[in-house]
Amino acid sequence: MTIPMDAPVTAEYYYKVKWGYQEEFIELFRKNHYPVLMEQVKSGRLLQFQAFEPRFHGEGRSDWTFMTVLVLKNWQAFGDGSGTAEIIQRLYPDQAVYKREEQRRFEILDAHWDVPLKPVPMG
């Protein structure tokens, strides 16, 4: 099955936060990354954003503690981060604070990986 290049692209982004830092990670994500994503929704680059964490401790695989699902407009939007720097500059004029907090958000991670998904037709 050939997927048209202009079809929406769904990707899952997994994060494994170091033990004891989950709340700090979510707070930093909510403060510094979520507003950038919402600006991308407004611009049409992103069609949808959702965030999840496991409902129960120890359920299933324990290799992630926070996950986001993004639906991007198309493959070009998936590969094109242009405009992101301008959004960040506009939303966070104190770039020193922003960069320090983003560095901290990644310091408290054990792992991070992205999974672009391929639809599987079922009929």
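One structure accompanies this document, and this report is about it.

### Notes on the overall build of the protein chain
Across its full length, the protein chain carries 4 helices and 4 strands. Secondary structure elements of the protein chain occur, N-terminal to C-terminal, as β-α-β-β-α-α-α-β. By the burial criterion, 35% of the 123 residues in the protein chain qualify as buried. Intrachain contacts of the protein chain at a sequence separation of at least 6 include 80% that bridge at least 24 residues. Here the protein chain has roughly 8,200 Å² of accessible surface; of this, 55% comes from carbon and sulfur atoms. The centroid of the 15 positive side-chain charges in the protein chain is displaced by 2 Å from the centroid of its 17 negative side-chain charges.

### Some remarks on the sheet that holds strand β4 (residues 109-116)
Adjacent strands of a sheet form backbone hydrogen bonds with each other and so pair up, either parallel or antiparallel. Pairing is antiparallel in the open sheet, where 4 strands are placed in the order β2-β3-β1-β4. Of all the strands in the sheet, just β2 (46-52) and β4 have a single pairing partner and so form its edges. Strand-to-strand twist in this sheet, taken as the mean axis angle between neighbours without regard to direction, amounts to 15 degrees. Note that strand β1 (residues 9-17) and β4 share 7 bridges and pair antiparallel. The residue of β4 that forms the bridge with Lys16 is Ala111. Those strands touched by helix α1 (residues 22-43) are β1, β2, β3 (66-72) and β4, and its axis lies near 170 degrees from that of β2.

### A short note on helix α4 (residues 95-107)
The end-to-end C-alpha distance of α4 is 18 Å, a good match for the 18 Å that 13 residues give at a rise of 1.5 Å each. Buried residues along α4 sit in contact with β1, α1, α3 (84-91) and β4.

### A few points about the packing of aromatic side chains
If you walk through the whole model with that rule in mind, you get 12 aromatic pairs. Ring geometry for Phe25 versus Phe29: centroids 6.2 Å apart, planes at 40 degrees, classification tilted. Residue Phe25 and its partner Phe29 are located together in helix α1, separated by 4 residues, close to a single helical turn. Per residue, the accessibility class of Phe25 equals that of Phe29, and both read buried. With centroids separated by 5.2 Å and ring planes inclined at 80 degrees, the aromatic side chains of Trp75 and Phe78 adopt a geometry described as edge-to-face. Pair noted here: Trp75 and Phe78 are both in helix α2 (residues 75-79), with a separation of 3 residues, about one helical turn. One aromatic cluster is present, formed by Tyr15, Phe25, Phe29, Tyr34, Phe49 and Phe66 through successive ring pairs.

### Let's talk about the pairing of β1
Counting buried positions along β1 yields 7 of 9 residues, so the element is predominantly enclosed. When β1 meets β3, the two strands line up antiparallel, connected through 7 bridges. Bridging across to β3, Tyr14 finds its partner in Met67.

### Comments concerning the pairing of β3
Remember that side chains alternate between the two faces of the sheet whenever the strand is regular. Counting buried positions along β3 yields 7 of 7 residues, so the element is predominantly enclosed. Bridge count between β2 and β3: 6 bridges; the pairing is antiparallel. From the neighbouring strand, Ala51 faces β3, where its bridge partner is Thr68.

The rules behind the values
- Throughout this document, residue positions are counted from 1 along each chain, in the order its sequence is written.
- Since the coordinates come from a predicted model, pLDDT governs what is reported: local features require at least 70, and pairs of side-chain atoms require 80 or more to be given and counted, while whole-chain, interface and lining totals use all residues.
- Note that the side-chain values use all heavy atoms of the structure and ignore hydrogens as well as water.
- Numbering of helices and strands runs from the N terminus; a helix is a DSSP stretch of H or I covering at least four residues, while a strand is a stretch of E covering at least two.
- Throughout, exposure labels follow a simple rule: accessible area from a 1.4 Å probe, protein chains only, divided by the maximum for the residue type, with under 20% read as buried, over 50% as exposed, and the rest as partly exposed.
- Two residues qualify as a contact provided that any one of their heavy atoms is within 4.5 Å of a heavy atom in the partner residue.
- Under the convention used here, a 1.4 Å probe and the Shrake-Rupley method define accessible areas, while residue burial counts only the protein chains that appear.
- In this tally, Asp and Glu contribute negative charge and Lys and Arg positive charge; neither His nor the terminal groups of the chain are included.
- The atoms used to mark charge sites are NZ of Lys, CZ of Arg, CG of Asp and CD of Glu.
- Criterion used throughout: strands pair if DSSP finds at least two bridges between them.
- Fitted lines through C-alpha atoms serve as axes, helices being fitted only where they are in contact, and the angles separating the N-to-C directions of these axes extend from 0 to 180 degrees.
- Between the first and last residue of a helix there are one fewer steps than residues, each counted as 1.5 Å, and that sum is the expected span.
- Here the aromatic set is Phe, Tyr and Trp, taking the six-membered ring for Trp, and pairing holds for ring centres within 6.5 Å; pairs whose planes are under 30 degrees apart are stacked, those over 60 apart are edge-to-face, and all others are tilted.

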